[in-house]
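Notes for the structure review
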Amino acid sequence: MSRAFDPVQLGSIELFCKAAELGSFTATAQVLGVTPASVSRSIQRIEARLGVKLFNRTTRSVRLTEDGELYRAQCQQALDQIAEAERALTGRQRHPKGLLRVSVGTVYAHHRLVPLLPGFMAAYPEIELELNVSNRNIDFVEDGYDLAIRLGEPRDSRVIARKLEEASVGVFCSPAYAARRPPPTSLDALHQHDLIQFITPSTGRPFPWSFIDDKGLPVEVSVHSRQRVLEDVLAGLGWAVAGGGLFQIYHFVAAEALRQGKLVEVMAPFAGRSRPFYALYPQHRHLSARVRAFVDYLLAAVRP
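All figures in this text were calculated on a predicted structure; none of them were measured in a lab.

For the rest of this paragraph, the subject is unusual backbone geometry. Positive phi, normally seen in glycine, also occurs at methionine 267, with a value near 60 degrees. Among the structural elements, methionine 267 can be located in the loop between β12 (264–266) and β13 (274–282). Relative accessible area serves as the criterion here: at 5%, methionine 267 is assigned to the buried category.

Shown next as structure tokens:
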């Protein structure tokens, strides 16, 4: 029985062909927006699967072996045929179909994306959706994702970013805490309160709180507290609900607790800031009809 083809292999084959074209793993990594180590690992996996050596490596460059030349010719022909098929189908596909692999951070997944998924799946019954919920950075080629949703505009110009929304933030606490400790009426008074501080996983640094000052200008306030949360923002929300103090979080995350009376919003005169969430996909990859359908659906759902 023949072994089933792993969809992740297609990304590795694209990567192999680009490395063969450029003659450098480092240059390939730069063009595709991945790390040189991931390029090397992908090539090694192909070589291990085939049982042949595809490149002769030196410290400065890589050069195809005879087997590598043969493999590259066949792979490039296959990729060209796939690209031609996609060009023929894109725009004509009335009913997008196939597997869609999406990576999304925990907060956006639980409080924004997941509630929208039943509607999307009903609208596109021929799409299979595989959702990875994680805050880690991903490698589109190595991990095989079609789309990622992340906070903030990416710095890598090789990744195409489509803004989904500007998510407004506010400061919240429990009614019991507000009754015990009257909320601050100025930014300077903020540090007189029990604050719940979130530590950004990627940097290990405290995440600043965003406000509009009394002059109407945006300002970032560095929060220092003996109460700190790492990794999971939702734990900070729960801490605030339990009466632990003030916590800044997105309105869409706090909305349910506000409706239930478990939280109240404070410092409203200084509110008005927001943070952007983006849909990301690799620049070198053809935008499929199912990715376009997913992004368009989200845009219609999250924007007023």
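To continue, consider the packing of aromatic side chains. Inspection of the entire model under this criterion finds 12 aromatic pairs. Taken together, a centroid distance of 5.4 Å and an interplanar angle of 5 degrees make the contact between tyrosine 250 and phenylalanine 252 stacked. The class for phenylalanine 252 is buried, based on a relative accessible area of 14%.

What follows concerns empty space enclosed by the protein. What the rule picks out here adds up to 2 cavities of 30 Å³ or more. Size it by volume and the largest cavity reaches roughly 40 Å³. Val169, Gly170, Val171, Ser210, Phe211, Gln248, Met267, Phe270, Ala271, Gly272 and Arg273 together form the lining of the largest cavity. In terms of residue count, the dominant contributor to the lining of the largest cavity is strand β6 (residues 159–173) (3 residues). Tallied by class, residues from the lining of the largest cavity come to 6 nonpolar, 4 polar and 1 charged.

What the rule picks out here adds up to 0 disulfides. As a non-bridged cysteine, cysteine 17 has cysteine 75 as the owner of its nearest cysteine sulfur, 5.1 Å distant.

Residue position: leucine 190 is located in the loop between α8 (175–180) and β7 (197–199). Put simply, leucine 190 and methionine 267 are 77 residues apart on the chain and 9.3 Å apart in space, counted from C-alpha to C-alpha. Setting aside chain neighbours within four positions, we find leucine 190 in contact with Pro184, Leu195, Trp209, Phe211, Val221, Leu246 and Met267.

At their nearest, the axes of helix α2 (residues 25–32) and helix α3 (residues 36–50) sit 8 Å apart, and the two run at 110 degrees to each other. Here α3 runs roughly perpendicular to α2, going by the angle between their axes. Here α2 runs over α3; the crossing is right-handed. Contacts between α2 and α3 pair Phe25, Thr26, Thr28 and Ala29 from the former with Pro36, Val39, Ser40 and Ile43 from the latter. Residue composition of the contact of α2 with α3, by class: 5 nonpolar, 3 polar and no charged.

Along its 14 residues, helix α11 (residues 289–302) runs 20 Å from first to last C-alpha, staying within 8% of the 20 Å computed at 1.5 Å per residue. All of the buried residues in α11 are Ala289, Val291, Ala293, Phe294, Val295, Leu298, Leu299 and Val302.

Along the polypeptide, proline 183 turns up in the loop between α8 and β7. Expressed as a C-alpha distance, the spacing of proline 183 and phenylalanine 172, which sit 11 residues apart in the sequence, is 9.8 Å. Setting aside chain neighbours within four positions, we find proline 183 in contact with Ala178, His193 and Val266.

Attention now moves to the side chain of serine 134. For serine 134, the location among the structural elements is in the loop between β4 (127–133) and α7 (140–143). Using a relative accessible area of 16% as the deciding quantity, one classes serine 134 as buried. Ignoring any residue separated from it by four or fewer positions in sequence, one finds serine 134 in contact with Val104, Gly105 and Arg150.

Rules behind the numbers
Residues numbered from 1 in each chain as written. Predicted model: local features only at pLDDT ≥ 70, side-chain atom pairs only at ≥ 80, totals over all residues. Heavy atoms only, no water. Helix = DSSP H or I, 4+ residues; strand = E, 2+ residues; numbered from the N terminus. Buried < 20%, exposed > 50% of the residue type's maximum accessible area, 1.4 Å probe, protein only. Phe/Tyr/Trp six-rings, centres within 6.5 Å; stacked < 30°, edge-to-face > 60°. 1 Å grid on protein atoms, 1.4 Å probe; cavity = no way out; pocket = protein on both sides within 12 Å on 5 of 7 lines; lining within 4 Å. Points joined across faces, edges and corners; volume = space filled by probe spheres on them. Nonpolar A, V, L, I, M, F, W, Y, C, P; charged D, E, K, R; others polar. Disulfide = S-S within 2.5 Å. Contact = heavy atoms within 4.5 Å. Axes fitted to C-alpha atoms, helices over the stretch in contact; angles between N-to-C directions. Parallel < 35°, antiparallel > 145°, perpendicular 65-115°, else oblique. Left-handed = near helix turned anticlockwise from the far one by under 90°. Expected span 1.5 Å × (residues − 1).

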